[in-house]
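Okay, here's what each chain looks like letter by letter:
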Amino acid sequence: MSQHHKSSWNYELKTDPIVSEVMQPIMEGEYFNKNYVFDLNDFRDDCAERNDDDDESALHCQPTWRLKERMKTTGVCMILALNVGTDPPDVSKPNPCAKLLCWLDPTGMSRAKARDIIGERLEEQYAKWQQRGKLRYKRALDPTVEETRNLCLTMRRHAKNERLLLHFNGHGVPRPTEAAEIWVFDKGHTQYIPLSVQKLRHWIGGPTIVVLDCSNAGVLIPAFVSGSNVHGKVGNQTPEHDFNAQSSSDFRSDRAFKPSNTSSFHDCIVLCPCAKGELLPMSPAYPADLFTSCLTTPIPIALRWFVRQNPLSMDIDPESVDRIPGKISDRKTPLGELNWIFTAVTDTIAWNVLPSTLFQRLFRQDLLVASMLRNFLLADRILRSLNCTPTSYPQLPSTANHPLWQSWDLAVESCLYQLIRDGHLGGSNSLYCNDEKKVYEMSDKSMRSHSPLPMALSKPVSVTVPFFSEQLTAFEVWLDFAGIRNDNSLVGAWAVNLALSVGIFPYVLKLLQSPVFEYRHVLVLIWARILCFDTSCQADLVKDKAIPHFINHLSWGMNNQRGEGTIDEESPNAHEDAAIQRMTAAFILSVICLNFSSGQRECLRQNLHLKCGELLGICETNEDENMLHHPVYIRSRMWLCICLGRLCENNTVVQNEVFAKGIHCRLLSRLDDYSPQVGAAAAYALGLLIRVAKKRTSSSSLSGSASMTSINSKDPQSYRMNDIPQEVMYPDRHRIHSDTLIAHRLSKEWSAGSPLFRCEVLLALGCLIEKYSMAFASICCQKNQSTSHFCSIPMPHVFDSEQSSMLYDVWDVLLKFTNDPYPQISNIAFTIHDFVHTLVRRIERQNNTNEFQDGHLKEQTSPISFTPLNEIVDNENNSSTKMPSTVRRNVSDYFTRWTSQKIENDSENFNTSNHSNVGRQMRYVYSIPMSCFGQRQHSNFGKVDRSDENDFVSKAGAIKSYRLKRNNIAHKYALKLMRKFEELSPSVQDVRRPKLSGNDSFANESPPLLKYERRIQNIKRKLTFKQCALIKNEDGATASFLRFHSYEPVLATCDENSRIYLYDYEQRYNHLACKHVCKNNPSTRVTTMRWINEQSSSLLLTGADNGVVNLWDKVLESNGYIHQNESKIAAAFNAAPDMINNTRGSGLVTEWQQENGNLLVGGDSPLLRCWDLNREHLVSSFESITDSCMTAMTRGWDPLYLDDSKNIGRTGIGPNIFVSGFGNGSMKVFDIRSNKKAIERTAQRRKPRLMKYSEHSSWIVNLFFTGFGGNYEVMSGCVAGYIKVWDLRYPLSCRTIDVQRSQMTALAGHNRVPIFASGSHTQYIKLSSFDGDTNQVIRTHENEGTLVSDG
């Protein structure tokens, strides 16, 4: 890092011209870059104040960095009352005393000449602080009252509403009076004449910055800034001197002249070197106008002061600092680098001590004012060391002892030491020659010797001051070891706002024009943060023609032409980093197109749509598994789709171009993407592509919430369908064909597993329904003619039969979406459905109105209108309001909104006076909901995962530590149980049982064998269960089934009413977690329930007999306790759409594979399905080839975990093999890696290709796998009461165990102990070992409760 930031000066160094232009000295720029310097303690404290654990305020931080009003100083008025050679009567100067004025000793020349040269020098000293804008200068040397008045009025007349700088030097006149008067001269320069500051303020007008370089200057501040009258009074004080008649008349005439901005008097900045009653310092070691020197030539005076303050380390003449080589404006020289460091230090001090609004006003609004205020901080430090108290308005806190001044002193000392060491500041001047162009033309040698101007170099000088690199290193150390509580504070909205407020924006904007590739990857990341925080910067990028930079960056790392985006193949994360760069560029381009037509036009002109299509095409042909599965590549594809969608949004030209180039086909192919997020992004983009272009609104699309908005029917943003011209609705047949093909393809995804994907598909179809609403109104009428009184609406003639058939399919899919298991999706479908119904009702009302006009009105209908949605609707922050009972269906308050408004009926509604008594009626406005997918991803893009699981002090780290310990304890206890009781397995007994020799006549009485049998019996006696808790159902409902959590003392139960209760059997309390309800079929029953992710964040999975699977979140707290609030649906999907609803069937049967995230689903369905819950995608399906329902399922696999990261072994045939049992007693084996028919095996030994077991003759109650003793066995139990043990390598069962004489109703096996439990309808539970011996019999309802046993 150091080599990139250390400064080394050499005139032969060549740099990028763009970068050189950007990195010019700060006084030449419009903004100020000070983000290199950090006061770490203040920043850390500020983070602690602004960023608590709940950082909602930071996430919703609004941009405040842009200046609402920019101002420029256009003129400098210099009033110099010098009176060279004559001391004021109220000052007794010592001998020797300070003499230099503007670094000139005036004692060696005539008074007039010295006065003129001082005025010229002061003008040139001010000129260098605003080189971009030409200042207008006017000076009055030893002026009279009239000359001062004319000077001020003339300058204000030219400046108009811009700022003026008024500089008053009162070294040759008495100090200001208590009545706020300064002194000037009469016409003969024989008398001092008082001049009221109130007059002066009135003449100069505002806005103004006033520099008062005189003793007792602080007494004048109240007069400049107070609201006193203009007749001479300052507050309650009375002036000591009265004006004569002439001056009074002049003043009255002045009142007739009004400055261009008389209301700007409050915008007055006053800088004074000393407070009330103090005199200016007169030390001969410093100039007489020390305050002016600090403001206009800060580096020379700061170096002189430093040398005098450190005589031991700086053994040089203070005047020798004038020989420091270089120029102030050239950073590659020592003097220029010192100026950069000084600017950074003073800017950072001001940023740390001032409020944000005041800092913006003083240090960002005006270039010259910012320079003066930065230099004023130096004056405060130097003058306070000389017993003066600089004052100002607005009042600034003293910064003389700020810690950052030590950084400045260190940089100065390092620079001077190197120059002294190399002999550049010695007595020899052989290296230097006077540059006549750079020095003022002076004739006297004494004037030249005191000039602080830089000297030109005859040879290069190399000096290194690692100030900036050291600051960055300190910042990195602070980031690594300071223990920031909230990492989002460094990259979130609050941090970006602060970074922009200090002035980096024009620099990062200018650097986009640089051809240096090393900057580009950093700039892309910076701009992503900026645009994520403030989307208004999109206009700056378009104006600066920066779009090609980001479009080219979309190929970063994919080609190595000219070294662009070259990947370091040796880096382990090189390809992932390149993918992050491409994803970030896509995000930036999507923001540029967001509701910004100029950005869309420029992106279209730069062929952004072709670039996105090309990259999406590469994704189709690339078969690299890493690119498909890696999160970075997934997000990259997602943002490419979002970028295309935003490019097309509300822009017909772009939409037509995308269709013409066939890019919509790339989006269609992404619907089948590995990730549901990419599929949702593709559906989002397709919805914006087929959506009708609407008139843009001025509201921001990233407001984050949609409020209840009343929409007037006469509002230009709303429209009625019959008011839209046909050519707008149906632009051309090719477009209609493309739209219907897209809709037909989208409609096939109605049964997808991802709720997010289904929602975006539905919203995209809603865009089509809104666009062709008259066609869907016709379909709605035709579908409901037999059940309603809807009028007949013909299908628009522009649709052919094939297209009409596709639209019919879309309508059918919409009706299926109304039954979606995810509540918010079904509500959206109902809203779209009601939108079409409302249109039909309106058409019917219009027909009735026409009949009324003919005298045939039969019934009066309420006026109902609709309007397209004009706002993006937020997912979560929408306010919920109860719908009136007259509305047919409730509209979701999660994704959609409804608005109601009372409006007057006009001639458009009822064109008759006979119905004037209708008055005001309620009108309900239905809107097609709009997707906020892009908005949500935009918000998430700026968020950082702040959970540091490796930091055990943090909340995430504590949770991880708790779960690791909990899981390890459970795993070790399971291994202990397995080793303790593994000898009960028949296969183990066969190996360990003592072998008898042929001489043993009584085998059963062999002592070794008897000893072994006794040991087995002793082990079995230890397998008795005892009651540890008694839990009662509060409402007496019958429990259907139970599920223990593997790591927490929690039991989940489901009763006959599909209500799910959670019991903590250690704490003895229960909680109603949720209820699985299908609102379209309340009679559905839950038939399966499983715990998901038990080792980490546990979810509860429930499945009903209609094929719907719900995943419930907020079930357990992070510490393992039961969540006290109602659980929320994390996901819901129809796992078996073809489920047969049969009350006597098995319903839905599931088997969960935690290792690979697969959910196996079967039941009353002809198909068995394997769902990948990580992808929320259907992996494979199999035909069961049986007329009976599936009743049980198990896999032939059992992993033995030691901790969360590794395992000690696995038992079983493989994780992809599972066995299912059916109602007819048959069993079948499936391999989920195959997508073909199930392979059956009969009982014949020599036909291994068929896998079917048919020894059971009745309903299979349950199946479970066991791997004790190394045998991979599956145990199955049927209703008849017997259990069979199967080795899947053989076609016949290994043994049969008859455990229940009555019907078996339940069967379960222990995962780690060779024991199983069976239950019957006689309410007995038998605990048996694998050899068939019954260890214990438990009566379950002896105490009218549910028995819970440990083990």
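Values in this document were obtained by computation on a predicted structure and should not be read as measured data.

About the cut-offs
Residues numbered from 1 in each chain as written. Predicted model: local features only at pLDDT ≥ 70, side-chain atom pairs only at ≥ 80, totals over all residues. Heavy atoms only, no water. Salt bridge = Lys/Arg side-chain N within 4 Å of Asp/Glu carboxyl O. Helix = DSSP H or I, 4+ residues; strand = E, 2+ residues; numbered from the N terminus. Buried < 20%, exposed > 50% of the residue type's maximum accessible area, 1.4 Å probe, protein only. Expected span 1.5 Å × (residues − 1). Core = buried A, V, L, I, M, F, W, Y, C linked by side-chain atoms within 4.5 Å. Contact = heavy atoms within 4.5 Å. Pairing = 2+ DSSP bridges. Axes fitted to C-alpha atoms, helices over the stretch in contact; angles between N-to-C directions. Parallel < 35°, antiparallel > 145°, perpendicular 65-115°, else oblique. Left-handed = near helix turned anticlockwise from the far one by under 90°. Nonpolar A, V, L, I, M, F, W, Y, C, P; charged D, E, K, R; others polar. pLDDT = per-residue confidence, 0-100. Disulfide = S-S within 2.5 Å. Polar contact = N/O pair within 3.5 Å; in protein donor to acceptor, adjacent residues only side chain to side chain.

What the rule picks out here adds up to 45 salt bridges. Of the charged contacts, one joins R66 and D534 as a salt bridge, the two residues approaching to 4.0 Å between their closest N and O atoms. Of this pair, R66 sits in the loop between α4 (56-59) and β2 (73-80) while D534 is found in the loop between α21 (520-533) and α22 (538-543), placing the two residues 468 residues apart along the sequence. Judged by its relative accessible area of 34%, R66 falls in the partly exposed class. Measuring nitrogen to oxygen at the nearest pair gives 2.5 Å for the salt bridge that ties E123 to R139. You can see E123 sitting in helix α5 (residues 111-127) and its partner R139 sitting in strand β3 (residues 136-141), a full 16 residues away along the chain. You can call R139 partly exposed: its relative accessible area is 30%. Ionic contacts of the salt-bridge type, sharing partners, join the residues R163, D267, R361 and D366 into one network.

Moving on, we come to helix α39 (residues 955-981). With 27 residues, α39 extends 39 Å between its outermost C-alpha atoms, agreeing within 8% with the 39 Å of an ideal straight helix rising 1.5 Å per residue. Considered for burial, the residues of α39 that qualify are A956, G957, S961, R963, R966, N967, H971, A974, L975, L977, M978 and F981.

Before going further, it helps to spend a moment on the nonpolar core. Counting residues in each nonpolar core, the largest one holds 117 residues, and the members touching the most others are W527, L541, F550, I588, L589, L608 and F776. A per-element tally of this core places helix α31 (residues 676-690) first, with 11 residues. Residues contacting L541, with those up to four places away along its chain left out, are L509, L512, W527, L531, A546, I547, F550, I588 and I592. Formed by 84 residues, the second largest nonpolar core is a distinct cluster that contains W103, V369, L396 and F468.

Before going further, it helps to spend a moment on the pairing of strand β22 (residues 1099-1104). For β22, the tally of buried residues reaches 6 of 6 residues, placing the bulk of the element in the interior. Here 6 bridges tie strand β21 (residues 1086-1092) to β22, and the two strands are oriented antiparallel to one another. When the sheet's bridge partners are listed, R1090 is paired in β22 with L1101. Once β21 ends, the chain turns through 6 residues before running back antiparallel as β22, passing N1093 with a positive phi of about 55°.

This part is about the packing of α31 against helix α33 (residues 733-747). In the contact formed by α31 and α33, the axes pass within 11 Å of each other and the chain directions differ by 155°. When the axis of α31 is compared with that of α33, the two are roughly antiparallel. Considering the relative orientation of α31 and α33, their crossing is left-handed. Side by side, α31 and α33 meet where A683, L686, L689 and I690 of the first sit next to R735, D739, I742 and L746 of the second. When the residues that make up the contact of α31 with α33 are grouped by side-chain class, the tally is 6 nonpolar, no polar and 2 charged.

The strands making up a sheet are joined through hydrogen bonds of the backbone, oriented either antiparallel or parallel. Here we have 6 strands laid out as an open sheet, ordered β3-β2-β4-β7-β8-β9, and mixed in their pairing. If you trace the sheet from one side to the other, it starts and ends with β3 and β9 (391-393), each paired once. Adjacent strand axes in the sheet meet at a mean angle of 10° when their direction is disregarded. Both strand β4 (residues 163-169) and strand β7 (residues 208-213) contribute to a ladder of 6 bridges, which runs parallel. Considered in β7, the bridge of F168 is made with L212.

This next bit is on helix α13 (residues 356-363). Given 3.6 residues per helical turn, the α-helix brings residues three or four places apart onto the same face. All buried positions along α13 are accounted for by L358, F359, Q360, L362 and F363. Lining the buried residues of α13 we find β8 (268-272), α12 (334-353), α14 (367-385) and α19 (493-501).

Ordered in space as β39-β40-β41-β42, the 4 strands form an open sheet in which the pairing is antiparallel. The sheet terminates laterally at β39 (1304-1309) and β42 (1334-1339), the two strands that pair on one side only. When strand polarity is set aside, the average angle formed by the axes of neighbouring strands in this sheet is 20°. Taken together, the 5 bridges between β39 and strand β40 (residues 1315-1320) define a ladder with antiparallel strand orientation. Looking at the pairing, L1307 lines up with S1318 of β40.

Mean pLDDT over the chain works out to 76, with 73% of the residues at or above the 70 mark. For the stretch residues 697-728, pLDDT sits under 50, and the model shows 67 contacts to residues farther than four places along the chain or on other chains. Every residue in residues 1202-1208 is under pLDDT 50, and counting partners more than four places away or in other chains gives 15 contacts.

Applying the stated rule across the entire model yields 0 disulfides. We note that C780 lacks a disulfide partner, and the nearest cysteine sulfur, in C781, lies 5.7 Å from it. On the basis of relative accessible area, C780 is assigned to the buried category, the value being 0%.

The next point concerns the side chain of E337. As for its position among the elements, E337 is in helix α12. Owing to a relative accessible area of 1%, E337 belongs among the buried residues under this scheme. Of the polar contacts made by the side chain of E337, one reaches the side chain of R331; its length is 2.9 Å.

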